[in-house]
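Letter by letter, the chains look like this.
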There are 2 protein chains.
Amino acid sequence: MGSLPVDTLRPLDPDTFAADSAAIVDFLAGYYRDVDKYPVRAADLEPGRLRKLLPEAAPEWGEPMERILDDVRRDVLPGLTHWQSPSFFAYFPMNASAAGFAGEMLSVGLNVVPFVWVASPAAAELEGVVVDWMASLVGLPERFLFSGGGGGVLQGSTCEAVVCTLAAARDRALGRIGHEGIMKLVVYASDQTHATFQKGARLVGIPPANFRVIRTTAASGYALAAGAVSAAVEDDVAHGLVPLYLCATMGTTGLGAVDPVRELGEVARRHGMWLHVDAAYAGSAAICPEYQGYLDGAELADSVSMNPHKWFLTNMDCCCLWVASPAALNAALSTDPEYLKNVVVAGAGGKPQAAAIDYKDWQISLSRRFRAMKLWFVLRRYGAGGMRAYIRRHVAMAEWFERAVNADERFEVVAPRRFSLVCFRLRQPPRPSSEQSDDDDVNRELLAAVNASGQAFMTHFVVDGKFVIRLAVGGAMTEMRHVRDVWELVQRTAEQLLQRQ
Amino acid sequence: MGSLPVDTLRPLDPDTFAADSAAIVDFLAGYYRDVDKYPVRAADLEPGRLRKLLPEAAPEWGEPMERILDDVRRDVLPGLTHWQSPSFFAYFPMNASAAGFAGEMLSVGLNVVPFVWVASPAAAELEGVVVDWMASLVGLPERFLFSGGGGGVLQGSTCEAVVCTLAAARDRALGRIGHEGIMKLVVYASDQTHATFQKGARLVGIPPANFRVIRTTAASGYALAAGAVSAAVEDDVAHGLVPLYLCATMGTTGLGAVDPVRELGEVARRHGMWLHVDAAYAGSAAICPEYQGYLDGAELADSVSMNPHKWFLTNMDCCCLWVASPAALNAALSTDPEYLKNVVVAGAGGKPQAAAIDYKDWQISLSRRFRAMKLWFVLRRYGAGGMRAYIRRHVAMAEWFERAVNADERFEVVAPRRFSLVCFRLRQPPRPSSEQSDDDDVNRELLAAVNASGQAFMTHFVVDGKFVIRLAVGGAMTEMRHVRDVWELVQRTAEQLLQRQ
């Protein structure tokens, strides 16, 4: 593990590899052992701090592993927000696990690039198998499996999946009405839909003015109402516009709301729109039968996505995208340059193999990682039963927290809890006339103070003008005691703030 | 490492983590030791083979690590194409290394998600530092460094970088001429430019008819001639179209050609086009002063990209994208949903920190991995000097191969070798009149037979109607003897084919 002399640089020497890797495994095992001792959110929040600590240029000569790891400990760790801390309740969880890590290591070490089938046949095929397994686990209709004429792909993020499906929907529509029709295409989402849909629509060239954000209300638990979509669509059609794409979300980012997939699917069908179901976070819960009802009507969808990297113990990144029509997706995304054509059989003139998936035509990028290995390891190592128990454990913790909030009259739960996300706030007597009420400031201060303590990290949302604190349970190391602790911390901090007023 | 009972599933238990990870390190060290014993390209090329071997559904209960690794050995490895084999000369290399692996493991294990600065400040800052280091190493002008008003980001692939820069260029243009102007925007590339530019242009909504593929010729070494671009642009302008984006490549995929950046930059400037320099493969060579001349004129570019995951010992995936105007990029890619706003200082009302980069606004996706750790490890562990020696070693091997081809009158080198890619073919006496000459078939057969032997893997290209074999040197374990071996194999195989005729 010492310095490596240039003239003998052997980057994959097995002994150096094993020694360097063992040092990292030790480092990480120690990190997991102590992660609850770090402030959850980075303690040092002075922008530019790390840049000041590091040299202006790369070193001219190689350095020993120990020195680099010392720098990680001293300079980098204090500036990290610790997503694997058991007291990380912010955003949505991003799960690491021993199995996810093992699968990822194997994939990173093999470093194969399955963009076309022949570039690593088993990698492409394992991907096809694993996405089918996942589709069955979450109860998707047969049409999203390869055996049912559909199929899936592992991408890096929902954002990619959104861009790909938007492009597929767009090209299907433009094939009918001509490319200049792009000015008429309209995309529909709710005010709770993830921002990536708006960004994705802009990316694929939909005029920003043609993105409809439909309001949701507390009455429906902030779900997108099919009637409201219908009305918007009919209005657009009356103005000569062309409804293109509708997004239904199972578990919105802000509040965990669930849109009615079947009703929205019927609207989409009626108007020839592409329906995408975004189950990025809560899709993981659908491996439990008690949550599969939320995907009822998925047979009306054109595509569905969920992120095993959120709540399914699969280290970043891994997003399952399933489509009912691979042909529609491929039509928007395929390329066939000469340097990627398969020349497999001598004398066969380079004819491509049938039934061999070229996954480059299922995504934005040509290059791709062997993500299937990671998800396969998670499924094999923990099993469907293990994963169900894991999901249910988190939901039970969130239920406990929800009950605790409800039992404390100073607080309120703001939106119905469906999964492991609890949205709550300090309740304050309404003040007449004042537009910007003070309770927002109290909740803001409460969150800031909790996070500044370093003992937990949560994030917020704003709904109906109200500042809401989000507690997203789902850490791989989170236990009941961590949820109890954060509740006590919230109560204690609130008490101090309220007394001060 | 045995089966894990459900009720005690502890996915990040440090001891299980360490034991499982150690098993993978052992597995991979053994793999590197033996990788030259596998057929380079997958031996088993029957589509659907792996699917038949695997069960139809995920297991219900978790399984021991050993059993999964046994299945990897028995079912997966024989179906992989071994990109890390020293005799892999196909496509472009995808380098793994002990340092790249170590950095990636650390990143995967920490599993932080630096989409906004506060979500892991040190991760965002390390990224800024490392892309600056790389920009300096490859000799980019100051305007692409943060200190010069520009800046860089680590993405997953050139394809992503292309989509992002196309969107930025498009939105800058549409801001001037209105969104309906999208029908008038024109993108220019050569017939050697990577297919991802055409796909990217389609993705961001440029009408497919507005993608100009400009012919190159042997006379210029298949470089894009500025005069030809000028002529095409002037013709388009005369027809009321709007020149948008021009791509110059340093090291094209098919032949390794280099476009004249300065001359193309001047055309781009004259017509208000965005100039992107794609140095995906050969950018790594630009860390050696003798290759920096190829980037002369880069100060006229709006963006530059290169892939450390190709020839820079950085395991998949890692693409540096530098832009002269972060504001232009961010304008096309930023979102500001409530749930991502920073609430940092108690009572400060959630004002964002200045100078804190939110990298979500520099790429397609919100979620992102901590790729900086990987590239930083490579630079620290091997040093700039070590990397230069590494690059030069590969170039020297390619030079040797080129000389060997030139010395054998049965063969010819088809395009000038600039870096570590040699494009060659069996030369055959021209046959009058026949359109599809037989020498193509002989070269096709030659490549198919070499690849079928399992002793090496190369891919092909077609230029001026000629089938060309590509030898891309660049494996982390490739030594001179492997290059000598593949040349002997090519000669031997050619002899057999020619005798048979």
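Residues numbered from 1 in each chain as written. Chains lettered and ligands numbered in written order. Predicted model: local features only at pLDDT ≥ 70, side-chain atom pairs only at ≥ 80, totals over all residues. Heavy atoms only, no water.

### Describing the pattern of salt bridges
Throughout the structure, instances matching the rule amount to 69 salt bridges over all chains. For the salt bridge of R51(A) with D132(B), the shortest nitrogen-to-oxygen distance reads 3.0 Å. Here D132(B) lies in helix α5 (residues 121-137) and R51(A) lies in helix α2 (residues 49-53), a pairing that spans two chains. Between E479(A) and R481(A) there is a salt bridge; the shortest N-O distance is 3.4 Å. On the basis of relative accessible area, E479(A) is assigned to the partly exposed category, the value being 35%. Of the residues examined, R481(A) reaches a relative accessible area of 44% and is grouped as partly exposed. Each member of the salt-bridge network shares a partner with another, and the members are E104(A), D317(A), R369(A), R371(A), K374(A), E104(B), D317(B), R369(B), R371(B) and K374(B). (Salt bridge = Lys/Arg side-chain N within 4 Å of Asp/Glu carboxyl O. Helix = DSSP H or I, 4+ residues; strand = E, 2+ residues; numbered from the N terminus. Buried < 20%, exposed > 50% of the residue type's maximum accessible area, 1.4 Å probe, protein only.)

### Some remarks on the sheet that holds strand β6 (residues 303-306) of chain B
Working definition: the strands of a sheet are paired by backbone hydrogen bonds and lie parallel or antiparallel to each other. All names here are of chain B. Taken in spatial order, the seven strands line up as β1-β7-β6-β5-β4-β2-β3 in an open sheet, and their pairing is mixed. If you trace the sheet from one side to the other, it starts and ends with β1 (151-155) and β3 (211-214), each paired once. Mean inter-strand twist for the sheet, computed between neighbouring axes without regard to direction, equals 20°. Most of the contacts of helix α9 (residues 261-270) go to strand β5 (residues 274-278), to which it runs at about 160°, and overall it touches β4 (242-249) and β5. (Pairing = 2+ DSSP bridges. Axes fitted to C-alpha atoms, helices over the stretch in contact; angles between N-to-C directions. Contact = heavy atoms within 4.5 Å.)

### Description of the environment of A268(B)
Residue and element names in this part refer to chain B. Note that A268 resides in helix α9. With a relative accessible area of 1%, A268 lands in the buried category. The spatial distance from the C-alpha of A268 to the C-alpha of D302 is 9.8 Å, given a sequence separation of 34 residues. Residues in contact with A268, not counting those within four places in the same chain, are L246, M273 and L275.

### Quick look at the packing of helix α4 (residues 98-110) of chain A against helix α4 (residues 98-110) of chain B
How two helices sit against one another is set out by the angle between their axes and by the gap between those axes. The interhelical angle for the contact between α4(A) and α4(B), taken along N-to-C directions, is 155°, at an axis separation of 10 Å. With respect to their mutual orientation, α4(A) and α4(B) come out roughly antiparallel. Here α4(A) and α4(B) pass one another in a crossing that is right-handed. For the pair α4(A) and α4(B), the contacting residues are F101(A), E104(A), M105(A), V108(A) and G109(A) in the first and F101(B), E104(B), M105(B), V108(B) and G109(B) in the second. Counted by class, the contact of α4(A) with α4(B) contains six nonpolar, two polar and two charged residues. (Parallel < 35°, antiparallel > 145°, perpendicular 65-115°, else oblique. Left-handed = near helix turned anticlockwise from the far one by under 90°. Nonpolar A, V, L, I, M, F, W, Y, C, P; charged D, E, K, R; others polar.)

### Digging into the packing of helix α5 (residues 121-137) of chain A against helix α12 (residues 372-407) of chain A
Residue and element names in this part refer to chain A. The geometry of α5 relative to α12 is characterised by a closest axis approach of 9 Å and an angle of 25° between their N-to-C directions. As the angle between them shows, α5 and α12 are arranged roughly parallel. You can see that α5 and α12 cross each other, and the crossing is left-handed. For the pair α5 and α12, the contacting residues are A123, L126, E127, V130, W133, M134 and L137 in the first and A372, M373, L375, W376, L379, R380, A384 and R388 in the second.

### Observations concerning the side chain of S120(A)
If you trace the backbone, S120(A) turns up in the loop between α4 and α5. Classification of S120(A) by relative accessible area gives buried; the value is 0%. If we ignore the near neighbours within four places in the chain, the residues touching S120(A) are V112(A), P114(A), G79(B), L80(B), T81(B) and W83(B).

### Some remarks on the relation of the copies chain A and chain B
Rotating chain A by 180° and moving it 0.0 Å along the rotation axis overlays it on chain B with an RMSD of 0.0 Å. Both copies are brought into coincidence by an operation consistent with a two-fold rotation axis. The overlap is high: 100% of the interface residues of chain A also sit at the interface in chain B, so the same surface is used on both sides. (Least-squares fit on C-alpha atoms with pLDDT ≥ 70 in both.)

### Some remarks on the packing of aromatic side chains
Throughout the structure, instances matching the rule amount to 50 aromatic pairs over all chains. Their ring planes at 40° and their centres at 6.4 Å tell us that F88(A) and Y91(A) sit as a pair that is tilted. Note on Y91(A): relative accessible area 8%, which makes it buried. An aromatic cluster is built from F92(A), Y281(A), Y291(A), Y294(A), W311(A) and F419(A), whose rings are joined through pairwise contacts. Here the guanidinium or amino end of R143(A) rests over the ring plane of F144(A), the centre of that ring lying 5.6 Å away. Above the face of the F92(B) ring, R470(B) is positioned so that its terminal group lies 5.1 Å from the ring centre. (Phe/Tyr/Trp six-rings, centres within 6.5 Å; stacked < 30°, edge-to-face > 60°. Lys NZ or Arg CZ within 6 Å of the ring centre and 35° of its normal.)

### Describing the confidence of the model for chain A
Chain-level pLDDT for chain A is 93 on average; 93% of the residues reach the 70-or-more range. Here residues 345-354 of chain A is a poorly scored stretch, pLDDT under 50, and it has 14 contacts once near neighbours within four places are set aside; other chains count. (pLDDT = per-residue confidence, 0-100.)

### Remarks on the pairing of strand β11 (residues 466-472) of chain B
Side chains on a regular strand alternate between the two faces of the sheet. All names here are of chain B. Most of β11 is tucked away: six of the seven residues are buried. Two strands pair when backbone bridges link them, and strand β9 (residues 421-426) and β11 are joined in this way by four bridges, in the antiparallel orientation. Among the inter-strand pairings, V422 is bridged to a residue of β11, identified as L471. Pairing of strand β10 (residues 459-463) with β11, which is carried by five bridges, proceeds in the antiparallel orientation. Paired with T459 across the bridge in β11 is R470.

### Here's the deal with the interface of chain A and chain B
Taken residue by residue, the interface counts 171 residues in chain A and 171 residues in chain B. In this assembly, chain A packs against chain B so that about 15000 Å² is buried in total across both faces, 66% of it on carbon and sulfur atoms. If you sort the residues of chain A by the area they bury against chain B, Y339(A), R380(A) and R381(A) come out on top, with a joint share of 6%. At the boundary of chain A with chain B, the tally comes to 75 residue pairs in polar contact (both at pLDDT 80 or more). Residue composition of the side of chain A that touches chain B, grouped by class: 103 nonpolar, 35 polar and 33 charged. (Buried area = accessible area lost by both parts, 1.4 Å probe. Polar contact = N/O pair within 3.5 Å; in protein donor to acceptor, adjacent residues only side chain to side chain.)

### Examining the sheet that holds strand β8 (residues 411-413) of chain B
Residues and elements named next belong to chain B. Strand order in the open sheet formed by four strands is β8-β9-β11-β10, and the pairing between neighbours is antiparallel. The open sheet has two edge strands with one neighbour each: β8 and β10. Each adjacent strand pair in this sheet contributes to an overall mean axis angle of 40°, direction not counted.

### What to know about the pairing of β4(B)
All names here are of chain B. Counting buried residues in β4 gives eight out of eight residues, a clear majority hidden from the surface. Strand direction decides the pairing type here: strand β2 (residues 185-190) and β4, joined by four bridges, are parallel. Across the sheet, L185 pairs through a bridge with V242, a residue of β4. Bridging between β4 and β5 involves five bridges; their strand directions are parallel.

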